[in-house]
Amino acid sequence: MTIRNLQHLLAPKSVALIGASPEPGSVGLIVMRNLRAGGFAGPLWLVNPRHREIEGMPCHPSVDDLPDAPDLAVIATPPRTVPQLIDALGRKGTRAAVVITAGIRDDLRQAMLDASKPYLLRIQGPNSLGLMVPGIGLDGSFSHRAPLAGDLAFLSQSGALITGVVDWAADRQIGFSHVVSLGDMADVDFGDLLDFMAGDPKSRAILLYMESVTHAPKFLSAARRAARSKPVIVVKAGRHEAGSKAALSHTGALTGADSAYDAAFRRAGLLRVLTLQDLFDAAEILARMPASTGERLAILTNGGGAAVLAVDRLMDLQGSLANLSDAGKVALDAVLPPTWSHANPVDVIGDAGPERYSAALEVLLEEPDTDAILVMNCPTAAASTTEVAKVVASVLEQRRRASKPVKALLTNWLGEEVSREARQVFASRGIASFKFPANAIEGFMQLVRYTRAQEQLMRTPPSLPEELGLDTADAGKTIAAALKAGRSVLSEVEGKSLLAAYGIPTVPTEVAATPAEAEAIAARLLLDHDACVVKVLSDDISHKSDVGGVRLGLERAEEARMAAEDILARVARLLPDARVAGFTVQPMIRRPRAHELIAGMAVDRTFGPVLLFGAGGTSVEVVGDTAQALPPLDMNLAHELMRRTRIWRLLQGYRDRPAADIDRVAEVLVRLGYLVARHPEIRELDINPLIADDSGVIALDARVRVEDQTLSPRVPMAMRPYPSQWAKEIAIESIGQVRLRPIRPEDEPLYADFFRHLTRDDQRLRFFSAGSDLSRKLLARLTQIDYAREMAFVALARDTGRLLGVARFVADPDYTRGEYAILVRSDLKGRGLGWQLMRHLIDYARAEGLEQLFGSVLAENTTMLQMCADLGFSIGPEPDDTAVRHVVLDLARQGDGLGSAQ
């Protein structure tokens, strides 16, 4: 990923239009007029070899003839000319271009990219409507109107949709910081722009219209970063795929492109909406209200029916009505007629005029348990809707001037013509306004969902054992043996062996080549069990129950033989070409109160491996009660995945059925994520059924499909897995055994004890302030890192598990330079722990291909500066602060004496 040179695209100081034209109706003329009308303050140059001037503006014959290198070029010329123009612009010194031209595909597209690469010239498009940055007066588009300036960023793959959104927003006086038509995304894509917008103070929220993602790992990493800093709302087109696909496993049949996108959006913390109206509601609410709005809503209305509709929609979306305080009810009694509703919604009766609305609103604005207020108005002949709107807006303005508390406020004025002027009042005062109750509630709940999603992402997951007992080598041997034998589907025994290697409980299973062998195995099993199970063993039969290939509850050995013989006969009749290798025989697991679940994995063509969980059994596809998530998972993410299914409620227990061991089910999902991450040969996997009850879980069947990774590489995981290979044990004199490993989210509770062992002076040297704010948000940011762009190594005492020190770096989006930081407990300084942490961090950064590590160190922190010097850092003054030293380590330089971490 890279945001390099995007400042030239999104904040240019000069612009050239290549392909300017005087031809009426031409794109070149429309773009030129938009650029001139926008009020861009910098130089604006035109290029067209056939004209010396267009509408009074000089026109240059070529890029080479321009008086200077433009920061940004807008290209609207025939497709075949674009690669040469990109090369000419690069040689001139231009570093960004918007290619409006359509029809640039295949070889021509590659030629364009090849021309840009030597200069790192960034390309937006091709096939783009253009670019609009209202704050600097830039309208490099052929849109029919320019957007207003504001703080919403809108990124869209559809140019036509942009014009509709801009038109809608202008009528409501909603403005934008950036409007970007990405087009075919040959270079600049969603990931690049989200990375840029995440740190852009001009954009308070980001709206996305998406048709596809081009580089899933980059997109997910950038989206996670952006969503941590501001709301990101996405509408994804193409939710349904025509036709169906054949799949070996239930998981393969149940996962699809849209479910993978949904899983990705959830993992990144993006809010997904389904319709264009939802996107408009999002724009309205985000433009008018703070993103930190709470979720307790009060409703003020003159129409009970409309308020009931609003409450119904609020309950549909799991929203919360605010509770009126006793003092609030008394205050409302004093200003409202006796017939008011005496509850929330606060119905001020149909004849309510401006004074009654004003008095009731003042009371609600003082309510301690109310976070936001929806003011509704149904037009009547008794009062002017416009005057009511004016007084509502006036109440807010007066309270702001008087520095009184002001809550988030949104409005719903019903009616069309009669309420038009009222909506204009709200738009001019920056108050969110909606035509219908449901739209108002849905817009409000988008902010609530954003807050909930961020809180969910910051939750500390329960701890798992430090050593999960994952036998990667044994699992690898099982897969390798199958591939060597030319098989793409593991046998049931091999599949269960794979699960067992990763600590997933399975039922012991043996293979019988003949019905007689099945009888012999059954006789042995029945010595310790009251019944057994016989299943057909065949690579050609995907779902054994479809051919009667599963026989349960066999209580005598001869029944096992007879069952095997009958299975052979049924397969010969129903699937005569199927090759039967034999049978599997296993004890019958009798857990009558257990739930049948499914856990599995399939590969999405965009996001790679996707995990699935839900209600299992033979009816799994008919019931369709499943949810998907991107691996890897921690315990929180596993629980969240489970909560999105209907069977989750059954797992909590009901009537005489006790609750299942939820944590053990979640642990299976976590272990499954590790299995998938470490063995890219796995392409489909089903555990069905996975039996769960109050005594634990057990996998009764497993279906696994594999491919040779060297011949057919798997689509990479969208989320970078936990780098467990960078954990190691070290011994430090006077400290003892210490474990160095990458940080995990569940390490958050260790920080409280860690900071108790830091002096205020050491905190000042690290944070450049006397104290640190150990807020949940900070701790989540420190422990829930994105391994694709940062790393933190913790040093843990082997005997107590206490946190002794941390070293970390955060890389730039180009992943070439990383800013490091290190902190060691004050009572352990000078014993070599900091040195070991820094060596480990440097080894990792070098292995990742970073070019530099750098940092800022207070000049008085002589201990740190000496360690930096010993490690090979160059040390120089910080230009803007004489009390700080800037330290840099060139990672490409060898011979610093640092050993490998592997």
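Calculation criteria
Residues numbered from 1 in each chain as written. Predicted model: local features only at pLDDT ≥ 70, side-chain atom pairs only at ≥ 80, totals over all residues. Heavy atoms only, no water. Helix = DSSP H or I, 4+ residues; strand = E, 2+ residues; numbered from the N terminus. Rg over C-alpha atoms; globule rule 2.2 N^0.38 Å. Buried < 20%, exposed > 50% of the residue type's maximum accessible area, 1.4 Å probe, protein only. Contact = heavy atoms within 4.5 Å. Lys, Arg positive; Asp, Glu negative; His and termini not counted. Charge placed at Lys NZ, Arg CZ, Asp CG, Glu CD. Pairing = 2+ DSSP bridges. Axes fitted to C-alpha atoms, helices over the stretch in contact; angles between N-to-C directions. Phe/Tyr/Trp six-rings, centres within 6.5 Å; stacked < 30°, edge-to-face > 60°. Parallel < 35°, antiparallel > 145°, perpendicular 65-115°, else oblique. Left-handed = near helix turned anticlockwise from the far one by under 90°. Nonpolar A, V, L, I, M, F, W, Y, C, P; charged D, E, K, R; others polar. Polar contact = N/O pair within 3.5 Å; in protein donor to acceptor, adjacent residues only side chain to side chain. Core = buried A, V, L, I, M, F, W, Y, C linked by side-chain atoms within 4.5 Å. Salt bridge = Lys/Arg side-chain N within 4 Å of Asp/Glu carboxyl O. Expected span 1.5 Å × (residues − 1). pLDDT = per-residue confidence, 0-100.

A tally of regular secondary structure across the protein chain gives 29 helices and 38 strands. The C-alpha atoms of the protein chain give a radius of gyration of 32 Å, which matches the 29 Å a tight globule of 902 residues would have. Taken along its principal axes, the extent of the C-alpha atoms in the protein chain is 95 × 80 × 65 Å. Buried positions account for 56% of the 902 residues belonging to the protein chain. Taking all contacts inside the protein chain whose residues are at least 6 apart in sequence as the whole, residues at least 24 apart take part in 72%. A distance of 2 Å separates the average location of the 101 positive side-chain charges in the protein chain from that of its 112 negative side-chain charges.

The sheet built from eight strands is open, its strands ordered E31-E32-E33-E34-E35-E36-E38-E37 with mixed pairing. What marks the edges here is a single partner per strand, and that holds for strand E31 (728-732) and strand E37 (874-878). Within this sheet the neighbouring strands show an average axis-to-axis angle of 25 degrees, counted without direction. On the sheet, helix H28 (residues 833-847) packs against E31, strand E32 (736-742), strand E33 (790-797), strand E34 (803-811), strand E35 (817-824), strand E36 (852-858) and strand E38 (881-890) and is oriented at approximately 30 degrees with respect to E34.

This part takes up the pairing of strand E22 (residues 532-537). Counting buried residues along E22, six of its six residues qualify, which places the element largely inside the surrounding structure. Taken together, the three bridges between E22 and strand E23 (residues 550-554) define a ladder with antiparallel strand orientation. Each residue of the ladder has a partner; that of lysine 535, found in E23, is valine 550. The pairing of E22 with strand E24 (residues 582-587) spans six bridges and is antiparallel. Paired with valine 533 across the strands is glutamine 586, a residue of E24.

Let's shift gears to the packing of aromatic side chains. With the rule as written, the count across this model stands at 16 aromatic pairs. Where tryptophan 726 meets phenylalanine 793, the ring centres are 6.4 Å apart and the plane angle is 45 degrees; that geometry is what we call tilted. Note that tryptophan 726 is positioned in the loop between strand E30 (702-706) and E31 and phenylalanine 793 in strand E33, a separation of 67 residues in sequence. Between tryptophan 726 and tyrosine 844 the ring centres are 5.1 Å apart and the planes differ by 85 degrees, which places this aromatic pair in the edge-to-face class. On the criterion of sequence distance, the pair formed by tryptophan 726 in the loop between E30 and E31 and tyrosine 844 in helix H28 is long-range, its members being 118 residues apart. Classification of tyrosine 844 as buried rests on a relative accessible area of 1%. Members of the aromatic cluster, joined through ring pairs, are Phe219, Tyr261, Phe265 and Phe607.

Relative placement of two packed helices is described by the angle separating their axes and the distance separating the axes. In contact at an axis separation of 8 Å, helix H6 (residues 190-198) and helix H7 (residues 216-229) are set at 25 degrees when each is read in the N-to-C sense. Regarding the angle of H6 to H7, the classification is roughly parallel. Two packed elements cross with a definite hand, and for H6 against H7 that hand is left-handed. Contacts from Phe190, Gly191, Asp192, Leu194, Asp195 and Ala198 in H6 reach Lys218, Phe219, Ala222, Ala223, Arg225, Ala226 and Ser229 in H7. Among the residues making up the contact of H6 with H7, the classes are represented as seven nonpolar, two polar and four charged.

Mapped onto the elements of the fold, asparagine 34 is located in helix H2 (residues 27-37). In this structure the side chain of asparagine 34 is engaged in a polar contact, spanning 2.8 Å, whose partner is the backbone oxygen of serine 141. Among the polar contacts made by the side chain of asparagine 34, one reaches the main-chain carbonyl oxygen of serine 143 at a distance of 3.1 Å. Residue contacts for asparagine 34: discarding those within four places in its chain leaves Asp139, Ser141, Phe142 and Ser143.

Phe809, Tyr820 and Phe873 are the most contacted members of the largest nonpolar core, which has 102 residues in total. With ten residues, helix H24 (residues 662-678) is the single largest residue contributor to this core. Other than its neighbours up to four places away in sequence, phenylalanine 809 contacts Glu790, Met791, Tyr815, Gly818, Glu819, Tyr820, Leu841, Tyr844, Ala845, Leu850 and Leu853. One finds Leu44, Ile54, Leu155 and Ala264 within the second-largest nonpolar core, a separate group that totals 61 residues.

Further remarks concern the sheet that holds E24. Judged by pairing direction, the sheet is antiparallel, and its four strands sit side by side in the order E21-E24-E22-E23 without closing on themselves. On the outer flanks of this sheet lie strand E21 (510-512) and E23, each paired with one strand and no other. The mean angle between the axes of side-by-side strands here comes to 25 degrees, regardless of whether they run parallel or antiparallel. Of the strands in this sheet, E21, E22 and E24 touch helix H19 (residues 515-525), which is tilted by about 145 degrees from E21.

Relative to the helices and strands, arginine 172 resides in the loop between helix H5 (159-171) and strand E11 (175-181). Taking relative accessible area as the criterion, arginine 172 reaches 29% and is therefore assigned partly exposed. For the pair arginine 172 and isoleucine 104, spaced 68 residues apart in sequence, the C-alpha separation works out to 36 Å. If we ignore the near neighbours within four places in the chain, the residues touching arginine 172 are Glu284, Arg288 and Ala427.

What follows concerns the pattern of salt bridges. Within the structure shown, the criterion is met by 62 salt bridges. Notably, a salt bridge pairs glutamate 295 with arginine 452, separated by 2.8 Å at the nearest N-O pair. Residue glutamate 295 is found in the loop between helix H10 (276-288) and strand E15 (296-301), and its partner arginine 452 is found in helix H16 (residues 437-458); the two are separated by 157 residues along the sequence. Accessibility expressed as a relative area gives 28% for arginine 452, which makes it partly exposed. One salt bridge in this structure joins lysine 390 and glutamate 387, with 3.6 Å as the shortest N-O distance. On the criterion of helical spacing, the pair formed by lysine 390 and glutamate 387 is a turn pair, its members being three residues apart in helix H14 (residues 385-401).

The buried fraction of strand E25 (residues 595-604) amounts to eight of the ten residues, a majority that puts the element mostly inside the structure. Where E25 lies against strand E28 (residues 682-693), seven bridges are found, and the strand directions are antiparallel. Paired with alanine 599 across the bridge in E28 is isoleucine 687. If you look at the hairpin formed by E25 and strand E26 (residues 608-615), you'll find three residues sitting between the two strands.

Side chains three or four residues apart in an α-helix point the same way, a direct result of the helix having 3.6 residues per turn. Taking 1.5 Å per residue as the helical rise, H14 with its 17 residues ought to reach 24 Å, and the 25 Å between its terminal C-alpha atoms agrees with that figure. If you check which residues of H14 are buried, you get Thr385, Thr386, Val388, Ala389, Val391, Val392, Ala393, Val395, Leu396 and Arg399. On the buried face of H14, the contacting elements are helix H13 (354-365), strand E18 (372-377), strand E19 (408-413) and helix H15 (417-429). Regarding H14, its N-cap is serine 384, as a side-chain oxygen of that residue lies 3.3 Å from the backbone nitrogen of threonine 386 further along. Serine 403 occupies a position one or two residues after H14 and carries a positive phi of about 60 degrees.

What follows deals with the environment of valine 232. Position of valine 232 among the secondary structure elements: in strand E13 (residues 232-236). A C-alpha to C-alpha distance of 9.8 Å links valine 232 and phenylalanine 265, two positions 33 residues apart in sequence. Setting aside anything within four residues of it in sequence, one finds valine 232 in contact with Leu194, Ile206, Leu208, Ala226, Ala227, Leu270 and Leu271.

Model confidence for the protein chain is summarised by a mean pLDDT of 90, while 95% of its residues fall at 70 or above. Confidence drops under pLDDT 50 across residues 242-247; counting only partners more than four residues distant or on other chains, this segment forms five contacts.

Along the polypeptide, arginine 714 turns up in the loop between E30 and E31. Although buried, arginine 714 forms no salt bridge, and the nearest oppositely charged side chain, glutamate 681, lies 6.8 Å from it. For arginine 714, the side chain forms a polar contact with the main-chain oxygen of valine 676, separated by 2.9 Å. Those residues within four positions of arginine 714 in sequence are excluded, and the remaining contacts are Met601, Val603, Pro609, Val676, Ala677, His679, Pro680, Ile682, Arg683 and Gln709.

What follows concerns the environment of serine 874. In this structure, serine 874 sits in strand E37. Owing to a relative accessible area of 45%, serine 874 belongs among the partly exposed residues under this scheme. Counting along the chain gives 337 residues from serine 874 to leucine 537, while the straight-line C-alpha distance between them is 65 Å. If sequence neighbours within four positions are ignored, serine 874 has contacts with His886, Val887 and Val888.

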